[in-house]
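Chain residues, written in single-letter form:
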Amino acid sequence: MAAAQDKWLVIAIIITDHFQLLSTKEKFNTARSRCPYNRPPTRPPECCMLPTRFFALLLLFGCITAYAADDDGPPLRKDLNEQVLMLPVKPGIFGFDLETTLFKPDGVGPFPLAVINHGKNSGQTFYQDRQRYTVMTQELLKRGYIVALPMRRSFGKSGGEYRFEGCNLAQDARNQADDVAKVIELLRERPDVDGSRILVMGQSHGGFTSLALAERDIPGMKAVLNFAGGLYYSKDWPGCTWEPSINKAFEALGKDAKVDSLWFYGENDSLFPPRIAQSFFTRYTEAGGKAELVSFPAFRQNAHLMFGTHEGFEKIWWPKAEPFLKAHGLPTMVINPQYVDPPTPKPSGYAEMANVDALPKHISDEARAEYRKVITEQPSPRVFAFNPDGPGFAYLTGYNDAGAAQYYALKMCQSAARKPCQIYLLDDVVVWPKPAATTVDTTTAGRSKTTPES
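Analysis parameters
Residues numbered from 1 in each chain as written. Predicted model: local features only at pLDDT ≥ 70, side-chain atom pairs only at ≥ 80, totals over all residues. Heavy atoms only, no water. Helix = DSSP H or I, 4+ residues; strand = E, 2+ residues; numbered from the N terminus. Buried < 20%, exposed > 50% of the residue type's maximum accessible area, 1.4 Å probe, protein only. Contact = heavy atoms within 4.5 Å. Areas by Shrake-Rupley, 256 points an atom, 1.4 Å probe, with all protein chains shown as cover. Core = buried A, V, L, I, M, F, W, Y, C linked by side-chain atoms within 4.5 Å. Salt bridge = Lys/Arg side-chain N within 4 Å of Asp/Glu carboxyl O. Pairing = 2+ DSSP bridges. Axes fitted to C-alpha atoms, helices over the stretch in contact; angles between N-to-C directions. Expected span 1.5 Å × (residues − 1). Arc of directions from axis to C-beta. Parallel < 35°, antiparallel > 145°, perpendicular 65-115°, else oblique. Nonpolar A, V, L, I, M, F, W, Y, C, P; charged D, E, K, R; others polar.

Novice: How do you make sense of the overall build of the chain when you look at a structure like this?
Specialist: A tally of helices and strands in the chain yields nine helices and 15 strands. Classification of the 454 residues of the chain by burial places 53% in the buried group. Here the contacts in the chain between residues at least 6 apart in sequence split such that 70% fall between residues at least 24 apart. On the chain, roughly 21,100 Å² of surface is accessible, and the fraction owed to carbon and sulfur atoms is 55%.

Novice: I keep staring at the nonpolar core and nothing clicks. Help me out?
Specialist: Proteins that are soluble and globular tend to have nonpolar side chains buried together. Counting residues in hydrophobic clusters, the biggest one holds 55 residues, and the most contacted among them are Phe208, Trp263 and Tyr265. Dropping the residues within four chain positions of it, tryptophan 263 is found in contact with Leu211, Asn226, Phe250, Phe280, Phe281, Tyr284, Ala291, Glu292, Leu293 and Val294. Ala223, Phe264, Phe299 and Leu325 belong to the second-largest nonpolar core, a separate cluster that totals 34 residues.

Novice: Could you clarify how one ought to interpret the pattern of salt bridges in this entry?
Specialist: Oppositely charged side chains can form a pair if their charged atoms are brought close together. Scanning the model with the defined rule gives 17 salt bridges in all. With a closest N to O distance of 2.8 Å, arginine 130 and glutamate 82 form a salt bridge. One end of the pair, arginine 130, is in the loop between strand 6 (111–117) and helix 2 (134–142); the other, glutamate 82, is in the loop between strand 3 (67–68) and strand 4 (83–90), and 48 residues separate them in sequence. A salt bridge links arginine 163 to glutamate 165; its shortest N-O distance comes to 3.8 Å.

Novice: Honestly, the sheet that holds strand 12 (residues 382–386) in this entry has me stumped. Any pointers?
Specialist: Adjacent strands of a sheet pair through backbone hydrogen bonds, lying either parallel or antiparallel. Taken in spatial order, the four strands make up an open sheet running 13-12-14-15, and their pairing is antiparallel. Looking at the sheet topology across the chains shown, the edges are occupied by strand 13 (393–397) and strand 15 (429–430). Where strand 12 lies against strand 13, five bridges are found, and the strand directions are antiparallel. Its bridge partner lying in strand 13, valine 383 is registered against leucine 396. Contacting strand 12, strand 13, strand 14 (422–426) and strand 15, helix 8 (residues 365–377) runs over the sheet at an angle of about 165° to strand 12. Packing of helix 9 (residues 402–417) onto the sheet brings it into contact with strand 12, strand 13 and strand 14, and relative to strand 13 it is tilted by some 155°.

Novice: Just to check I follow, could you spell out the pairing of strand 5 (residues 96–103) for this structure?
Specialist: In summary, the side chains of a regular strand alternate between the two faces of the sheet. Among the eight residues of strand 5, eight are classified as buried, and the element is accordingly described as predominantly covered. Alternating positions in strand 5 separate into two faces, Phe96, Leu98, Thr100 and Leu102 on one and Asp97, Glu99, Thr101 and Phe103 on the other, with burial throughout. As judged from the six bridges shared by strand 4 and strand 5, these two strands associate in the antiparallel manner. Within the sheet, the bridge partner assigned to glutamine 83 lies in strand 5 and is leucine 102. Connecting strand 4 to the antiparallel partner strand 5 that follows it, the hairpin turn spans five residues, and glycine 92 within it adopts a positive phi of roughly 110°.

Novice: Looking at this model, I keep getting lost on helix 8. Mind explaining?
Specialist: The terminal C-alpha atoms of helix 8 lie 18 Å apart, and with 13 residues this matches the ideal 18 Å at 1.5 Å per residue to within 8%. Along helix 8, the residues classified as buried are Ala367, Arg368, Glu370, Tyr371, Val374 and Ile375. Taken around the axis of helix 8, the buried residues stretch over an arc of 165°, which confines them to a single face. Counted as exposed and oriented over 90 degrees from the buried face of helix 8: Asp365 and Thr376.

Novice: Looking at this structure, how should I read the packing of helix 3 (residues 169–188) against helix 5 (residues 242–255)?
Specialist: The angle between the axes and the distance between the axes are what describe a pair of packed helices. Running from N to C, helix 3 and helix 5 cross one another at 55°; their axes reach a closest spacing of 7 Å. Considering their axes alone, helix 3 and helix 5 lie oblique with respect to each other. Where helix 3 approaches helix 5, its residues Leu169, Ala170, Ala173 and Arg174 are matched on the opposing element by Trp242, Ser245, Ile246, Ala249, Ala252 and Leu253. Classifying every residue of the contact of helix 3 with helix 5 gives eight nonpolar, one polar and one charged.

So, in structure tokens, the structure goes:
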């Protein structure tokens, strides 16, 4: 039982493809508005007046250009020329826009286009934050690509509604691909995009979406990379069993596949273990799809999260993807070495990571126990934040975007503490401010007077 002063404790952990938010009182998501700004509900009876409708009205008069979005998420990476666009994929009074993050190399281009498709967290899609995959984005920028990461309909700040297709999982993938195909169409109109060289990739639900794109005659799309692609339901329901349904979906996607794909599935994938992944591949290729499967050994605690990590890129997928992309006429050589991670934080000198006793005195026993568990059981990357002078803390592990991880850890901690928090630990480095040294006044003026002046 938490102490009374810790009633607002919030703990955040990423251990699978799903962003899990745990609280002693309530899940963090419930603290957010049921009808947040620009996030339409998926099935509730109530409705919301959304600003996107205003922009839809403008589109009736021919305003079809993308506009910059106000971004209330992590700070934009100016060193990567990051910007956030709202792309009008469906004009008209009943239309909607898709929140799309764009990273651009220095210069005017045109640049080959890489599209990264995000996964699907559990829960309502409009609670899912804008995805950036900055580790992978940097590697693609180094090789001269302009990189787009569209949030599909109903995800993040994108408009529209997620259509539940029941057992027809192939149709789910095709619905998602409709959005991405429209984003590609709009981006190809930009003068800085080389529409003759397009690479599509995705992780989990995004990999599934990418394979649905491989069915289409999209001009310039050369290759697809699938990282642990699929759609997982934890429970069956009457008339619908997940495994036969997902196998049928891969078979359907393989029948009309027009673009070659390279697949990556790991031994300890929490959603699609080797037997399942092999079944996906067999159904897809026997139906006519041209694909190559890379089965790799256990990766950290969950191979489903291999994509997006430095280690996964360097040791697992790039050595296989590089010759594959070359063979399909896509660039692989590093031409922009300047796109790298932000500088590694330096220790503040407050304490060593493993010294739990050195945590600030106001930190509760429960918070200390969680901190000890994180540093002993959860490998980097990790972020731990505390209220600087009261109850409340939060942490994230497995989040490979350092800037975003810090932002969300502070945001969750602040929600718990009801006041601003501070980062204590970044990966293996304690960055908590070291107390200022107490100085002793040794001047005559600073000495206590024991005798009268003469």
